[in-house]
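The primary structure of each chain is shown beneath.
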Amino acid sequence: MKFRDQQHGRTTTFHGRHRKAALLAALPVVALFSTPALGQMSDLRPPYSINDIVEVNKNAPPPAPYVEVTGPRAPQIAATDHRLRVGGKEIRYKATVAETFIPGPENKEADASLVTIAYTRDGLTAAERAKRPVLFIFNGGPGASSTPLQGALSPVIRDGTGDGYKENPASPLDVADLVFFDPVGSGFSRALPGKSPQQFWSSRADAQSVRYLMQNWLKKNGRETSPRYLVGESYGTSRAGHISGMGEDLNLDGIVLVSTTGMPSGQDLPFVLSFPTFAAPAAYHGKGSYASQDPQKVFGEAVAFARGPYLSALMEGDELPAERRDAMASEVAARLGLPKAFILEKNLRLGNYDFMLNLLKDQGDRTGQLDARAKGALKDYAGNQPPYDDPSMGLGKSSPNTPQKPAANPAHTAFLTRQLGFKTGEGYIGLNLGMLFAFKHSVDFGYRPVDTISALMKKQPKLRLLMVGGIYDITTPFYAATYNLAHANVPRDRTSVIGFSAGHEVYSDDNLAVFNDAIRKFVTPAAPGT
């Protein structure tokens, strides 16, 4: 289906087959006006949100030049050889789990051990390796390990039936090497004895650690001439934005943003940008006039409604005539399947929790936030502090409201230590909620990742951007991400956008092969004229 951007005269095309199929889109040009309005609507996101701004330092100094530090011992490294069939061809590759000692943000000595999980293709000449792309891949949180992205891009992934693993023939390992990174306090990455992990738990220190890791890995592995890409998910997109704002010395070739952060503020704009992400799960759950319709059609129509009559009504504020206010409440209620009286009570403006707690209230349920297709009984999540209140997080019912000691992921610990041979007495931490709550956010280079990335793209003509998102993701709404992109003045000939009929983890369900193929195509662009 298609919808027309009347302001810019451009058409966005959505492709897809069914509810769980990938939703492929050309660059959505969804500009409404040139700058977001001033103000803040705090009810749209919980207090710890990845979109929050805790400290502001727009005059932050550039990071120190890369200088290798020496650790207190030899780094632990495990390398094993494997084979994988991709596209009908067998490739040989090496899996390397390795420590990298990194300095603290204020020190010139090793303060932590970062552990990477790298998959590199074997059997290549030195010249072939020098031209082969390297993807540096990280998740968000902050405090989340890279396990979800490992489960999408790695040559070996969970088999979905328990603790077993299987080959992933969709992996882009045939065209690029993969380096997964876990921040200090997650995965196997730890502060060294006597050192505090919290020195790394800020936007700037976190980004600096990734910069150091990349420079160290490229140098140690003789890949300093290889094309290099960042792949960040959720808060990882914010991390990519911070890294992009720290200088040009990484010489990046591309950045992939998965579920992009940065909801604009304002009296009206957040509600407009969230509306399509409310419409899609409403249809999924059989609510409102969108019920059971094709998700691509729903999302496209909801965007047209949101930036048209809905925006027009909201912008009139208290001057909106009573008749039009009543008519708009009826329209919103009909589209979302919520009571008209509730829409009027909320002054036509629905926050995330207004929607999540009320869409399925008549059934005694609430929706998820990371994936609004998920649902859980209201009584099981009532009173829980985020993120324990999200049925799609998988943290269990009636979870505690204070961060617990991070638990190891036994299956992934066993895979990395037994099958890949990494020697450690530590458990692999999939999610560290203590880090999430303790993390200090900042906006050294702007609150939207696309702002600093756009600025870097203008300085580096080869740098390209791929943005992907899910239409059922309330945490990082896809329409908000594309709106920000349309207002960041990015070089459009080097920017691509893909939307998925998915939640926060866009590569779930039937989307795994499509997601991998998108990455594969992004890192192997066609030559000019082809």
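Residues numbered from 1 in each chain as written. Predicted model: local features only at pLDDT ≥ 70, side-chain atom pairs only at ≥ 80, totals over all residues. Heavy atoms only, no water.

Q: Even after reading the chapter, I still don't get the packing of helix α4 (residues 235–244) against helix α13 (residues 449–459), so can you show me in this structure?
A: Contact pair α4 / α13: the axes reach a minimum separation of 8 Å and the direction vectors enclose 35 degrees. The hand of the α4/α13 crossing is left-handed. Residue-level contacts link Thr237, Ser238, Gly241 and Ser244 of α4 to Pro449, Thr452, Ile453 and Leu456 of α13. (Axes fitted to C-alpha atoms, helices over the stretch in contact; angles between N-to-C directions. Helix = DSSP H or I, 4+ residues; strand = E, 2+ residues; numbered from the N terminus. Left-handed = near helix turned anticlockwise from the far one by under 90°. Contact = heavy atoms within 4.5 Å.)

Q: Explain the packing of aromatic side chains here, please?
A: Aromatic ring pairs are described here by two measures, namely the spacing of the ring centres and the angle between the planes. By the definition in use, this model includes 17 aromatic pairs. When the ring of Tyr229 is compared with that of Phe522, the centres are 5.8 Å apart and the planes differ by 70 degrees; the resulting orientation is edge-to-face. In this pair, Tyr229 sits in strand β12 (residues 228–233) while Phe522 sits in helix α15 (residues 512–523), placing the two residues 293 residues apart along the sequence. Of the two residues, Tyr229 and Phe522, both sit in the buried class. Plain terms: the ring middles of Tyr507 and Phe515 are 5.3 Å apart, the flat faces sit at 55 degrees to each other, and that makes the pair tilted. Overall, Tyr507 belongs to the buried group, its relative accessible area being 6%. An aromatic cluster is built from Tyr93, Tyr119 and Phe180, whose rings are joined through pairwise contacts. (Phe/Tyr/Trp six-rings, centres within 6.5 Å; stacked < 30°, edge-to-face > 60°. Buried < 20%, exposed > 50% of the residue type's maximum accessible area, 1.4 Å probe, protein only.)

Q: Sorry if this is basic, but what is going on with the pairing of strand β7 (residues 134–138) here?
A: Put simply, side chains in a regular strand alternate between the two faces of the sheet. The buried fraction of β7 is high, at 5 of 5 residues. Here β7 shows a buried face lined by Val134, Phe136 and Phe138 and a second buried face lined by Leu135 and Ile137. In terms of strand pairing, β7 meets β12 through 5 bridges, oriented parallel. In the strand pairing of β12, Leu135 is matched with Tyr229. Here 4 bridges tie β7 to strand β10 (residues 177–181), and the two strands are oriented parallel to one another. In the strand pairing of β10, Phe136 is matched with Val179. (Pairing = 2+ DSSP bridges.)

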